[in-house]
Amino acid sequence: MAAVSERLDKILANQGYGTRRDVKRLLHEGTVMVNGKTVTDGGTHADVLRDVIAIDGEKITLRTSVYLMMNKCVDVVCASRDGEHKTVFDLLDSEYRSGICAQDLHPVGRLDIDTEGLLLLTTDGALTHRLISPKTHVSKTYLVYLRDNPDGKQRDAYIKAFTAGIHIEPEDNECGADCLPAELKWIDDAVFSGSAHAAAQLTIYEGKYHQVKRMFAALGNKVVYLKRISMGNLRLDPSLLPGQFRELTSDELSQLMPVD
């Protein structure tokens, strides 16, 4: 594994040990050791993957990347800041809004303000690129409730249309586009907001602007509820309530890491 060398004061600041000034004071107190030797100069470089860093004799576990699963709720936007709405970052604990996360934590793709479900947040830019790149075709599966309830023949026609690939019309500043083939499965009709609606599970392999809504709109229907339930092999933890989050387990992370 390649060395990852950084200034010691930056490492400690990124791990949540305060500002650069706080870290400088900590170093001058002689409480920081690297590989058993006391270090007082913050400019000293250390390898975050190989060197052993201790404070007051206690080894610290260096966090090089963060991976979070969130069950995004409605009325929350996927942005670092927004003048009108609460953001997904407002839902996080303070430890994820400081240190290594302060500058690098970002959502993997976006969910609309009225869309719920699986949202990944990470500091790992390489993983993000792999998951959202059009070239990798990572699957994204959604639970969809529709305004209109197609009959049996119409449902078959919907499946054929999604399988063939649907053309979506321009919306806002986005051009029209031919979507890749997608997989539609009808499920038992469901109740949403007190009314019965047709329910389906849709798997797509790209992430165009408002894609799911525009695909159903192209067939003359309207999405009234949308929830992402999986990305690749990773499924949303059903125990997470809307707005809750947790770190990925090692098994879950391994499901995202393999190259397709």
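Refer to the structure above for everything that follows.
Source: prediction; values computed, not measured. Every chain is numbered on its own, with residues counted from 1 as its sequence reads. Restriction of local features to residues with pLDDT of at least 70 applies here, the model being predicted, together with a cutoff of 80 or more for giving and counting side-chain atom pairs; totals for whole chains, interfaces and linings are based on all residues. Based on all heavy atoms of the structure, the side-chain values leave hydrogens and waters out of the count.

J.: Provide a residue-level description of the pattern of salt bridges, including the pertinent values.
T.: Here, a salt bridge means any side-chain nitrogen of Lys or Arg that lies within 4 Å of a carboxyl oxygen of Asp or Glu. Enumeration according to the criterion identifies 10 salt bridges in this entry. The closest approach of N and O atoms between Arg-7 and Asp-9, which form a salt bridge, is 2.7 Å. The closest approach of N and O atoms between Glu-252 and Arg-246, which form a salt bridge, is 2.7 Å. Each residue's exposure class comes from its accessible area (1.4 Å probe, protein chains only) as a fraction of the maximum for that residue type: buried when under 20%, exposed when over 50%, partly exposed otherwise. Take Arg-246: its relative accessible area is 22%, and that puts it in the partly exposed class.

J.: Kindly report on the layout of surface pockets, identifying the contributing residues and their values.
T.: Regions of empty space are outlined by a rolling probe, equal in size to a water molecule, passed over the atoms. The volume enclosed by the largest pocket comes to roughly 630 Å³. Cavity: a set of points on a 1 Å grid over the protein atoms alone where a 1.4 Å probe fits but cannot get out. Pocket: an open set with protein on both sides within 12 Å along at least five of seven lines, its lining residues, like those of a cavity, having an atom within 4 Å of a point. Along the walls of the largest pocket sit 31 residues, with Arg-110, Leu-111, Asp-112, Gly-207 and Lys-208 positioned nearest its centre. Strands here mean DSSP runs of E at least two residues long; helices mean DSSP runs of H or I at least four residues long; both are numbered from the N terminus. Listed by contribution, the elements that provide at least two residues to the lining of the largest pocket are helix 4 (125-132), strand 12 (140-146), helix 6 (211-218) and strand 17 (223-231). Charged residues are taken to be Asp, Glu, Lys and Arg, nonpolar residues to be Ala, Val, Leu, Ile, Met, Phe, Trp, Tyr, Cys and Pro, and polar residues to be all remaining types, Gly included. Class assignment of the residues belonging to the lining of the largest pocket gives a composition of 16 nonpolar, eight polar and seven charged. Grid points are joined across faces, edges and corners, and a volume is the space filled by probe spheres set on the points.

J.: Hey, could you go over empty space enclosed by the protein for me, with residue numbers and the actual values?
T.: Counted according to the given criterion, the structure contains one cavity of 30 Å³ or more. Of the voids in this model, the largest cavity is the one considered here, and its volume is about 40 Å³. Looking at the largest cavity, the residues that line it are Tyr-67, Leu-68, Val-108, Leu-120, Leu-121, Thr-122, Leu-127, Leu-131, Leu-248 and Leu-256. Taken together, the elements giving at least two residues each to the lining of the largest cavity come down to strand 7 (67-72), strand 11 (116-122) and helix 4. Take the lining of the largest cavity: its biggest share by element is three residues, from strand 11. Among the residues forming the lining of the largest cavity, the class breakdown is nine nonpolar, one polar and no charged.

J.: Which residues make up the sheet that holds strand 2 (residues 32-34), and what values do they have?
T.: For two strands to pair, DSSP has to find at least two bridges joining them. Across the sheet, four strands lie side by side as 3-2-5-6; this open sheet has antiparallel pairing. Two strands lie at the open edges of the sheet, namely strand 3 (37-38) and strand 6 (58-59), each paired on one side alone. Pairing analysis gives two bridges linking strand 2 to strand 3, with the strands arranged antiparallel. The residue bridging Val-34 from the neighbouring strand is Lys-37, located in strand 3.

J.: Which residues make up the nonpolar core, and what values do they have?
T.: In a soluble, globular protein the nonpolar side chains are often hidden away together inside. Counting 38 residues, the largest nonpolar core has Leu-105, Val-144, Phe-162, Leu-202, Val-212 and Phe-216 as the members making the most contacts within it. Of all the elements in the fold, those that place two or more residues in this core are strand 7, strand 11, strand 12, helix 5 (152-164), strand 15 (183-192), strand 16 (195-204), helix 6 and strand 17. For this core, the element with the highest residue contribution is strand 16, accounting for four residues. Excluding anything up to four places from it in sequence, Val-212 contacts Tyr-142, Val-144, Leu-202, Ile-204, Val-223 and Leu-226. In terms of nonpolar packing, the next biggest core, distinct from the first, is built from 16 residues, Leu-8, Ala-13, Ala-46 and Val-48 among them. Buried residues of nine kinds, namely Ala, Val, Leu, Ile, Met, Phe, Trp, Tyr and Cys, make up a nonpolar core once their side-chain atoms join them within 4.5 Å. Note on contacts: a residue pair qualifies if any of its non-hydrogen atoms lie within 4.5 Å across the two residues.

J.: Quick rundown of the packing of aromatic side chains? Include the residues and the values.
T.: Stacked, tilted and edge-to-face are the three classes assigned to paired rings of Phe, Tyr and Trp, where Trp is represented by its six-membered ring and a pair needs centres within 6.5 Å; plane angles under 30 degrees give stacked, over 60 edge-to-face, the rest tilted. For the structure shown, the criterion picks out five aromatic pairs. With a centroid separation of 5.0 Å and an interplanar angle of 35°, the aromatic rings of Tyr-145 and Tyr-225 are classed as tilted. Residue Tyr-145 is found in strand 12, and its partner Tyr-225 is found in strand 17; the two are separated by 80 residues along the sequence. The burial state of Tyr-145 is the same as that of Tyr-225; both residues are buried. Through a chain of ring-to-ring contacts, the aromatic side chains of Tyr-158, Phe-162, Trp-186 and Phe-216 assemble into a single cluster. Working rule: Lys NZ or Arg CZ, within 6 Å of ring centre, within 35 degrees of ring normal, means a charge sits over the ring. Stacked on the ring of Trp-186, the Lys or Arg Arg-155 has its end atom at 4.6 Å from the ring centre.

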